[in-house]
Amino acid sequence: MNKNVVITVSRQYGCGGRELATILAKKLNVNLYDKQIIHLAAAKLGIDDLSEEDLKELENTVQPMTLTYVPFHSFGNHAGESSRGMFIAEAGVIRKLAEDGPCVILGRSADYVLEDEPNHFSIFVCANDAYREQRGKDVYDGKTLKELNQENEKRARYYNYYTGKKWGDPANYDLVVNTSSGSLDEIADAIIEYINTVK
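Residues numbered from 1 in each chain as written. Predicted model: local features only at pLDDT ≥ 70, side-chain atom pairs only at ≥ 80, totals over all residues. Heavy atoms only, no water.

Caption draft 1: Structural detail: the overall build of the chain. Helix and strand content of the chain: 8 helices and 5 strands. Reading the chain from its N terminus to its C terminus gives the helix and strand order β-α-β-α-α-α-β-α-β-α-α-β-α. Here the chain holds 199 residues, and the buried ones make up 46% of them. Taking contacts inside the chain between residues at least 6 apart in sequence as the whole, the part at least 24 apart equals 72%. Counting only carbon and sulfur atoms, one obtains 47% of the accessible surface of the chain, whose full area is about 10300 Å². (Helix = DSSP H or I, 4+ residues; strand = E, 2+ residues; numbered from the N terminus. Buried < 20%, exposed > 50% of the residue type's maximum accessible area, 1.4 Å probe, protein only. Contact = heavy atoms within 4.5 Å. Areas by Shrake-Rupley, 256 points an atom, 1.4 Å probe, with all protein chains shown as cover.)

Okay, here's the thing in structure tokens:
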């Protein structure tokens, strides 16, 4: 595989996307970035004294911008301590990480931020309801399918609002994988083989 490829992984809650991203990063011997990006972005905004819960709240609060969609790069670097500012700061961090070398980036709308980068490969990970429901019980502290879907709705609102695209739409990604059958390890191998074929 091209040693400079940056893989972005977006996922439904409860489908094993985080584990899959971790396996991919290990197999490729590259860094995996997720929550670190929030902290780096917060530091850029000068609010690194907030707790992780505060940071997540700031990031997930979608504030009205305008009646028309305006892409994040139009705002410059002075957006202030708002969810818009956090999105812009995160985008800057994501671009810098991608410039620094190959890596796997989980979530953070990174597929959108890097969509014009030639060395970028985006994946959306999903699963059927039965698989996600079982993982909700076994892996996510007994969360119900309804709770998992509520988290998906939050992710979709955030993504749709800031990117002007529809979260989970296959047209937005290079590859969509369903983790409902087969092991995550095998799926990771198949993803790497696919990237080797097309990149």
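Caption draft 2: Fine view of the pattern of salt bridges. This model, assessed by the stated rule, comprises 12 salt bridges. Arg-132 is the partner of Asp-129 in a salt bridge, and the nearest nitrogen-oxygen pair spans 3.4 Å. Residue Asp-129 and its partner Arg-132 are located together in helix H6 (residues 129–138), separated by 3 residues, close to a single helical turn. (Salt bridge = Lys/Arg side-chain N within 4 Å of Asp/Glu carboxyl O.)

Caption draft 3: Highlighting the pairing of strand S1 (residues 6–11). Judged by how many residues are buried, S1 sits mostly within the fold: 6 of 6 residues are covered. On S1, burial covers both faces: Val-6, Thr-8 and Ser-10 on one face and Ile-7, Val-9 and Arg-11 on the other are all buried. The pairing of S1 with strand S3 (residues 103–106) spans 4 bridges and is classified as parallel. When the bridges of S3 are listed, Val-6 appears paired with Cys-103. (Pairing = 2+ DSSP bridges.)

Caption draft 4: Examining the packing of aromatic side chains more closely. The full count for this structure, using the stated rule, is 8 aromatic pairs. Their ring planes at 10 degrees and their centres at 4.6 Å tell us that Phe-87 and Tyr-162 sit as a pair that is stacked. Here Phe-87, found in helix H4 (residues 83–100), pairs with Tyr-162, found in helix H7 (residues 145–163); they are 75 residues apart in sequence, far enough to count as distant. Residue class for Tyr-162 comes out buried when judged on its relative accessible area of 3%. One aromatic cluster is present, built from ring pairs that chain together Phe-87, Tyr-158, Tyr-161 and Tyr-162. (Phe/Tyr/Trp six-rings, centres within 6.5 Å; stacked < 30°, edge-to-face > 60°.)

Caption draft 5: Representation of the environment of Glu-186 within the structure. Mapped onto the secondary structure, Glu-186 falls in helix H8 (residues 184–198). The exposed category is assigned to Glu-186, whose relative accessible area is 53%. For Glu-186 and Ile-23, which are 163 residues apart along the polypeptide, the C-alpha to C-alpha distance reads 9.9 Å.

Caption draft 6: Region of interest: the sheet that holds strand S2 (residues 31–33). Taken in spatial order, the 5 strands of this open sheet run S2-S3-S1-S4-S5, and their pairing is parallel. Strand pairing shows two members of the sheet lacking a second neighbour, S2 and strand S5 (175–178), which therefore form its edges. With direction set aside, neighbouring strand axes in the sheet form an average angle of 25 degrees. As paired elements, S1 and strand S4 (residues 120–126) share 6 bridges and run parallel to each other. Each residue of the ladder has a partner; that of Thr-8, found in S4, is Ser-122. (Axes fitted to C-alpha atoms, helices over the stretch in contact; angles between N-to-C directions.)

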